[in-house]
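# Reading the structure
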Amino acid sequence: MMKISRRGILGVAATATLYAQEQKMQQGQRKLKIAFVGTGHRAWAHIQVLKAIPDFEITALADPTPEFRDRAVALAGSGVRTYDNHDALFAKEKDLDAVAVVPPTFLHADPAIAALSRGLHVLCEKPMALSIQEANRMIAASQKAGKILQIGLQMRYDPIHEKLMEVVKAGEIGKLQYIAGNLFRGDWNPRAWKYTDPKTGAQTNWRFLTRTAGSSLMEDGIHELDILNWSVASPITRIYASGGNNVFKDRETIDHAGLVIDYENGIKLAFEFSIFSPNSGPDTLRMMLIGQHGNLQSEIGKLTVRKNGAAAQDVTPSRTVPEAIGAQQVGADQDIGTYRQYLAFANSIRTGAKPLCDGDTAKQVLKISLLAEKSLREHRIVTWNDLPA
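Note that the structure is predicted; figures quoted are calculated from it, not measured. (Residues numbered from 1 in each chain as written. Predicted model: local features only at pLDDT ≥ 70, side-chain atom pairs only at ≥ 80, totals over all residues. Heavy atoms only, no water.)

### Digging into the packing of aromatic side chains
Our working rule: Note on aromatic pairs: the rings of Phe, Tyr and Trp (six-membered ring only in Trp) are paired at centre separations within 6.5 Å, and the planes decide the class, stacked below 30 degrees, edge-to-face beyond 60, tilted for the rest. Put simply, DSSP H or I for four residues or longer makes a helix, DSSP E for two residues or longer makes a strand, and each gets a number counted from the N terminus. The buried label applies to any residue whose accessible area, calculated with a 1.4 Å probe on protein chains only, is under 20% of its type's maximum; exposed applies above 50%, and partly exposed to all values in between.
According to the stated counting rule, one finds six aromatic pairs in the structure shown. Measuring from centroid to centroid gives 5.9 Å for Phe56 and Tyr342, while their planes differ by 80°, and the two rings are edge-to-face. Pair noted here: Phe56 is in strand β3 (residues 56–62) and Tyr342 is in helix α11 (residues 336–351), with a separation of 286 residues, a long-range link. Both residues of the pair, Phe56 and Tyr342, belong to the buried class.

And the structure:
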């Protein structure tokens, strides 16, 4: 086993079942046949991670971009069938169990709904959709089919965030009073898929456009907001955000933001975000949860409890993944969260267990991100009811 680095700060959900699956697939169980819709950089990491999980067999891939698809085939291995689009894949592949939906955000809803309507389980990358309406359609399709819809908010599956939630729920720092967090990172991957911007006709990184990405906070800050919001366990009343484009002015999606979330129980959540700070060191990602009797601080790979009047206590859990995951580096996302979310996905398929991050859970943080974008664009405080349920 090896220590995971960099994006090893992602996900929660360490159940006994998951730990058992980390060792081996139960004797006598058949492999679950899974296909990929979307084979870009993130999908390559998914494929590499799945090599370490005996539950799954990758049988088919769909993507209209030949160079991305070819790279995915090289990682997945011989015998994998390829298609230009998800309709062609579903028309031919009749013995699938599940589909991983990993294209750009604006292409999430349609293949996810198509897969669910064909009786397939779905793991869809975050954010689950561009809008609440699309998210509701996906949830309805899952409910109608009676199939699993799990969303890839993989920070929930990292033991460090499982421990964070354990400390909060146990009351070790007392009742929560205030929460703060940040994500200070570099710009988006310049090698990402290019979309023809209908306004300009130019080939444009899909994360630069609101019609394809939704917002910057939906693309990455959503992970951190999900964990922080999860810890509060109270309805949201209002959100205020400010932000814009101070550095990267040639795009639609913002390059920085600051927001405050008000909760019904009186807790405030403050979050800062920037994509023009690539060398922020330990300040890259921090979470601070302040309670009546102390505070809980999460940094990259480290979790510390500081009770009032007491010495700091390191409560960082063990976070290891199989060596096979890092045997071939294909990107920054070969992390413990992605690994353990697939263990959880296999368990849900086999047992019918409700996913830790199902459609309803993911819709909550999607709505937070959409409301933050609405607030900063309209320069006003927004309420939870400013978008549909």
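Still more ground to cover, so stick around.
### Focus: the nonpolar core
Here is the rule we go by: To qualify as a nonpolar core, a set must consist of buried Ala, Val, Leu, Ile, Met, Phe, Trp, Tyr and Cys residues joined through side-chain atoms within 4.5 Å. Whether two residues touch is decided by their heavy atoms; if any such pair falls within 4.5 Å, the residues are in contact.
Counting 82 residues, the largest nonpolar core has Met128, Met138, Ile261, Phe271, Leu289 and Leu296 as its most contacted members. Excluding residues within four positions of it along the chain, Leu289 makes contact with Leu164, Val168, Ile173, Leu176, Tyr178, Ile179, Leu228, Ser231, Gly294, Asn295 and Leu296. Grouped together as the second largest cluster of nonpolar side chains are 32 residues, Val321, Ile325, Val330 and Ala346 included.

### Considering helix α6 (residues 132–145)
How we decide: Each helix should span, by expectation, one fewer than its residue count multiplied by 1.5 Å.
Its 14 residues give α6 an end-to-end C-alpha distance of 20 Å, which sits within 8% of 20 Å, the value for a rise of 1.5 Å per residue. Among all positions of α6, only Ile132, Glu134, Ala135, Met138, Ile139, Ala141 and Ser142 are buried. Where α6 is buried, its residues touch α5 (109–117), β6 (121–125), β7 (149–152) and α12 (359–378).

### Section: the sheet that holds β3
Selection rule: For two strands to be treated as a pair, DSSP must find no fewer than two bridges joining them. Only the contacting stretch of a helix is used when fitting its axis, a line to C-alpha atoms as for every element, and angles between N-to-C directions run 0 to 180 degrees.
Taken together, six strands build an open sheet; the order of strands is β4-β3-β2-β5-β6-β7 and the sheet is parallel. Edge positions in the open sheet fall to β4 (81–83) and β7, since each of these has one partner strand only. The average angle at which neighbouring strand axes cross in this sheet is 25°, direction not considered. The pairing of β6 with β7 spans four bridges and is parallel. Paired with Glu125 across the strands is Gly152, a residue of β7.

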